[in-house]
Amino acid sequence: LSSVAIMTNIISSIALLALLASSPTPSASAVLKIPITKLPPSDYTSHLLHTPNSHHPPRLTSPSTPKSLSSVLSAHRHRLLRGVTATLPLEGGNEETIVIRDLSNAQYYGTASIGTPPQPFQVIFDTGSSDLWVPSSSCVTKSSNCGAKTTFDASKSSSFEEAKPPAKTDFIIQYGSGPVSGKYAVESVELALDFKVEGQTFAVVDGTDGLGELYQEAKFDGILGMAFPILSQDPSSPTVLQSLHSQNQIPKSLFAFYLGDNSDGELTLGGYDESRMLDFPSKGEDAINWVDLLSPAYWLTPMDSIKFGESTVASGKIGGIMDTGTSLIYGPQESIMTMALQLNGQFVPQVQLFMIECNVEIPDLTFKIGGGEYTIPGTELMIQDDSGMYCFLSLAMMDFGEDIADAELDMDQEQ
């Protein structure tokens with residue numbers, strides 16, 4: 001299932017295409033296809049329950065740190081920079097293939113090469129952000145969590161250029177536990193063997209302490225954002241996906257995720273792979289549910305309704321963000337609590353999740369989008385710790401702030 005954050009009334013993971021265009025795609029033989037692999041469930045659980053902030057989508061806004069369930073409900077909603085979440089201390093034309101791995105169901109990462117000759121990096125393909133950054137050679141000495149990373153050595157690339165005014169030169173982005181910072185530069189970027197773009201703006205960072213222990217232990221070096229330029233720290237520069245299209249490396253500005261369950265998945269650039277669609281042989285193009293975006297920023301689409309079992313949790317003006325950097329199902333406090341309390345869930349502030357009985361029967365969660373229904377089985381909505389004694393509902397509360405409301409308001413005004 002590709003990760004989808006459902007805003008205003010809930011967030012979820014759902015098997016949908018992340019689309020950059022609303023027209024039919026070329027055949028699969030003309031696109032870039034990238035396999036993805038899933039890690040064992042035990043790694044996913046450890047990542048969520050033992051690493052502070054690891055499961056928060058580092059983009060929207062979040063409630064202040066709660067100390068009890070009542071404090072969650074009364075917490076002051078504060079506007080945060082894009083990427084900030086609450087910090088909780090834990091107690092106690094040619095078809096090419098490159099490998100992408102799934103880090104704890106949270107980040108999907110694979111190889112991107114930068115420079116001449118190319119220097120390879122493991123990068124997250126993140127639909128919730130728009131920047132490309134990798135660590136610089138000075139990151140090892142300037143940041144405590146950068147020692148095991150592959151770093152970019154500008155002196156070894158004949159095509160490297162520092163960004164110069166009037167272009168933006170300083171890069172800084174705010175994540176849940178702190179900032180990541182560095183300098184902008186211009187380089188060639190290569191995906192697979194020969195999908196290459198020239199003059200791509202990216203950031204070489206030397207300040208990564210803001211990512212904390214997660215970055216130190218994770219297997220990725222940097223991030224390759226796949227959202228729209230307005231979310232970039234330098235909106236005037238094209239994203240990698242835009243550059244791939246404008247430089248005729250892919251036929252259309254379109255991509256699709258297929259995430260396998262303990263089997264290979266796939267990220268397709270420039271189109272989609274019909275062989276991954278169960279209904280395509282019988283329905284053809286009608287097997288695809290095309291849904292217009294509410295705003296070209298996040299991958300934010302309107303939703304018709306959300307049901308938890310037979311109960312309608314939300315309907316009306318609601319929407320969802322497709323976000324491959326999000327590992328849980330997020331929603332506003334009222335909606336998540338409605339579902340959690342049906343299961344007699346007890347809020348645990350240290351992990352910001354509801355603890356539930358391991359033998360409880362969880363209803364299915366169904367999203368109606370563009371007239372089509374997409375169901376996540378209740379059996380997939382539970383997380384069990386490595387001791388086997390404690391279980392948690394994989395639905396978490398979040399304050400989505402004003403940005404998404406503004407996007408929906410703009411759409412209403414246009415209509």
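Note: the structure precedes this text.
Residues numbered from 1 in each chain as written. Predicted model: local features only at pLDDT ≥ 70, side-chain atom pairs only at ≥ 80, totals over all residues. Heavy atoms only, no water.

Asker: Any chance you could explain the state of the cysteines here in plain terms?
Answerer: Disulfide: a covalent bond connecting the sulfur atoms of a pair of cysteines. Evaluation of the coordinates by the stated rule reveals two disulfides. The disulfide partner of C139 is C146, and the gap between their sulfur atoms is 2.1 Å. The disulfide joining C139 to C146 has a torsion of about 110° about its S-S bond and is therefore right-handed. C146 gets classed as buried once you look at its relative accessible area, which sits at 0%. Between the sulfur of C358 and that of C391 lies a disulfide, 2.1 Å long from S to S. Since a negative S-S torsion denotes a left-handed disulfide, the C358-C391 link at about 105° is right-handed. Highlighted residues: C358 in the loop between strand 20 (353-356) and strand 21 (365-369) and C391 in strand 24 (residues 391-393), separated in sequence by 33 residues. In the protein chain, the cysteines engaged in disulfides, taken in order along the sequence, are linked 1-2, 3-4. (Disulfide = S-S within 2.5 Å. Buried < 20%, exposed > 50% of the residue type's maximum accessible area, 1.4 Å probe, protein only. Helix = DSSP H or I, 4+ residues; strand = E, 2+ residues; numbered from the N terminus.)

Asker: What should I look at first to understand the side chain of K149 in this one?
Answerer: Looking at where K149 falls in the secondary structure, it is placed in the loop between helix 3 (139-142) and strand 8 (161-162). Within the buried core, K149 has no salt-bridge partner, and the shortest N-O distance to an opposite charge, that of D221, equals 5.0 Å. With near-sequence residues (within four places) excluded, K149 lies in contact with P135, Y215, Q216, A218, K219, F220 and D221. (Lys, Arg positive; Asp, Glu negative; His and termini not counted. Salt bridge = Lys/Arg side-chain N within 4 Å of Asp/Glu carboxyl O. Contact = heavy atoms within 4.5 Å.)

Asker: Teacher, can you tell me more about the pattern of salt bridges here?
Answerer: Opposite charge on two side chains makes pairing possible when the charged atoms of those side chains draw close. This model, assessed by the stated rule, comprises four salt bridges. The partner of E198 in a salt bridge is K196, and the shortest N-O contact between them spans 3.9 Å.

Asker: Would you take a moment to explain empty space enclosed by the protein for this structure?
Answerer: Once rolled over the atoms, a probe with the size of a water molecule shows which space is left empty. Its volume calculated, the largest cavity comes out at about 120 Å³. If you trace the largest cavity, you find 14 residues lining it, with S130, D131, L132, T201 and S232 closest to the centre. Looking at the lining of the largest cavity element by element, the count peaks at three residues for strand 11 (residues 195-207). Split into classes, the residues belonging to the lining of the largest cavity amount to five nonpolar, seven polar and two charged. (1 Å grid on protein atoms, 1.4 Å probe; cavity = no way out; pocket = protein on both sides within 12 Å on 5 of 7 lines; lining within 4 Å. Points joined across faces, edges and corners; volume = space filled by probe spheres on them. Nonpolar A, V, L, I, M, F, W, Y, C, P; charged D, E, K, R; others polar.)

Asker: Just to check I follow, could you spell out the sheet that holds strand 23 (residues 382-384) for this structure?
Answerer: Sheet strands line up and pair through hydrogen bonds in the backbone, either parallel or antiparallel. Across the sheet, four strands lie side by side as 19-20-24-23; this open sheet has antiparallel pairing. Only two strands of the sheet have a single neighbouring strand rather than two, namely strand 19 (346-348) and strand 23. On average, adjacent strands in this sheet sit at an angle of 40° to one another, irrespective of strand direction. Sheet topology places strand 23 next to strand 24; three bridges connect them, and they run antiparallel. Across the sheet, the residue bridging to M382 is L393, located in strand 24. (Pairing = 2+ DSSP bridges. Axes fitted to C-alpha atoms, helices over the stretch in contact; angles between N-to-C directions.)

Asker: Which parts of the structure should I look at to understand unusual backbone geometry?
Answerer: Excluding glycine, residues mostly have negative phi values, and the peptide bonds linking residues are mostly trans. Cis geometry marks the peptide bond from T116 to P117, where omega comes out at 0°. Looking at the element boundaries, P117 is found in the loop between strand 5 (107-114) and strand 6 (119-126). Across the junction of P165 and P166, the peptide omega takes the value 10°, indicating a cis bond. Of note in this structure, N248 is not a glycine but carries a positive phi near 60°. Looking at the secondary structure, you find N248 in the loop between helix 5 (240-246) and strand 13 (255-258). Of the residues examined, N248 reaches a relative accessible area of 68% and is grouped as exposed. For Q352, which is not glycine, the phi dihedral falls at a positive 55°.

Asker: In this structure, what is going on with the pairing of strand 6? I would like to understand it.
Answerer: Where a strand is regular, its side chains alternate between the two sheet faces. With seven of eight residues buried, strand 6 lies mostly within the body of the structure. In the sheet, strand 6 pairs with strand 12 (residues 222-225) via four bridges, with the strands oriented parallel. Looking across to strand 12, one finds that D126 is bridged to G225.

Asker: Just to check I follow, could you spell out the environment of F220 for this structure?
Answerer: Looking at where F220 falls in the secondary structure, it is placed in the loop between helix 4 (212-217) and strand 12. Sequence-wise, F220 and Q122 are 98 residues apart; in three dimensions their C-alpha atoms are separated by 4.8 Å.

Asker: Would you mind showing me how to read the packing of aromatic side chains here?
Answerer: In this description, an aromatic ring pair is defined by two values, namely the gap between the centres and the angle between the planes. For the coordinates displayed, the defined rule picks out 11 aromatic pairs. Ring centres 6.3 Å apart and planes at 40° place the aromatic pair F121 and F152 in the tilted group. Of this pair, F121 sits in strand 6 while F152 sits in the loop between helix 3 and strand 8; the two residues are 31 residues apart in sequence, bridging distant segments of the chain. Residue F121 shares its accessibility class with F152, and that shared class is buried. Taken together, a centroid distance of 5.7 Å and an interplanar angle of 85° make the contact between F152 and F202 edge-to-face. (Phe/Tyr/Trp six-rings, centres within 6.5 Å; stacked < 30°, edge-to-face > 60°.)

Asker: Even after reading the chapter, I still don't get the environment of F228, so can you show me in this structure?
Answerer: Tracing the backbone shows F228 in the loop between strand 12 and helix 5. Along the backbone, F228 and S129 are 99 residues apart, and their C-alpha atoms lie at a distance of 7.7 Å.

Any functional reading would require information beyond the geometric quantities listed.
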